[in-house]
Amino acid sequence: MLLTCMAKADLIEPNKDISPKQVVEIQLKGLMNNDKDFTDSGIEQTWNFAHPANKQVTGPLPRFKTMLKGKSYSMMIDHLEHTVTQLAFGDNWAQFEVIILGKDKNYHKFNWQVEKLTSEGPLNDCWLTTMVSQPISLGNSI
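Residues numbered from 1 in each chain as written. Predicted model: local features only at pLDDT ≥ 70, side-chain atom pairs only at ≥ 80, totals over all residues. Heavy atoms only, no water.

A. Geometry of the pattern of salt bridges. Taken as a whole and judged by the stated rule, the model has 3 salt bridges. Lys 69 is the salt-bridge partner of Asp 40, the closest N and O atoms lying 2.9 Å from each other. With a gap of 29 residues between them, Asp 40 in the loop between helix H2 (20-32) and helix H3 (41-48) and Lys 69 in helix H5 (residues 61-69) connect regions that are remote in the sequence. Judged by relative accessible area, which is 6%, Asp 40 ranks as buried. For Lys 109, the salt bridge identified is with Glu 97, shortest N-O distance 3.9 Å. A residue pair is termed long-range when its members are at least 10 positions apart, and Lys 109 in strand S3 (residues 106-116) and Glu 97 in strand S2 (residues 93-101) qualify at 12 residues. Residue Lys 109 is classed as partly exposed on the basis of its relative accessible area of 26%. For Glu 97, a relative accessible area of 23% puts it in the partly exposed group. (Salt bridge = Lys/Arg side-chain N within 4 Å of Asp/Glu carboxyl O. Helix = DSSP H or I, 4+ residues; strand = E, 2+ residues; numbered from the N terminus. Buried < 20%, exposed > 50% of the residue type's maximum accessible area, 1.4 Å probe, protein only.)

Below, the structure is given as structure tokens:
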């Protein structure tokens, strides 16, 4: 149990110096290596960068884990590679196209949106994920 607590302390926490694209990359790298530090560490890393409004819809954390392991998003867990392309950007929001190559060698496309939190508190001015679309299958890589 002590090792788990120490590993959880190693997860990256949001701060105002992390760019919108870096937020998406941090989340994707975590999901790509989901059990690297401890069981579901990648999902917990992703949860750290979820916007509070998003957490209200997808949470609490055990529910979020179940959602990511479900049929709609399971290809994100331990995926083989990903690309992140910025689609649009505003003062307090950014939208990206994310393409993931899953373990099953199929490509999936997502629309990923982050917003800068502009409320008082420790997450003020941090970029956080507000929305990830359902996947669109792009077919097999072979």
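The rest of the description comes next.
B. Region of the structure containing unusual backbone geometry. A cis amide bond links Gly 59 with the next residue in sequence, Pro 60, at an omega value of 5°. Within the fold, Pro 60 resides in the loop between helix H4 (52-58) and H5. The residue Asp 40 is not glycine, and still its phi comes out positive at about 65°. Within the chain, Asp 78 stands out as a residue other than glycine whose phi angle is a positive 55°. Tracing the chain through its elements places Asp 78 in the loop between H5 and strand S1 (81-89).

Worth remembering: the numbers are spatial, not functional.
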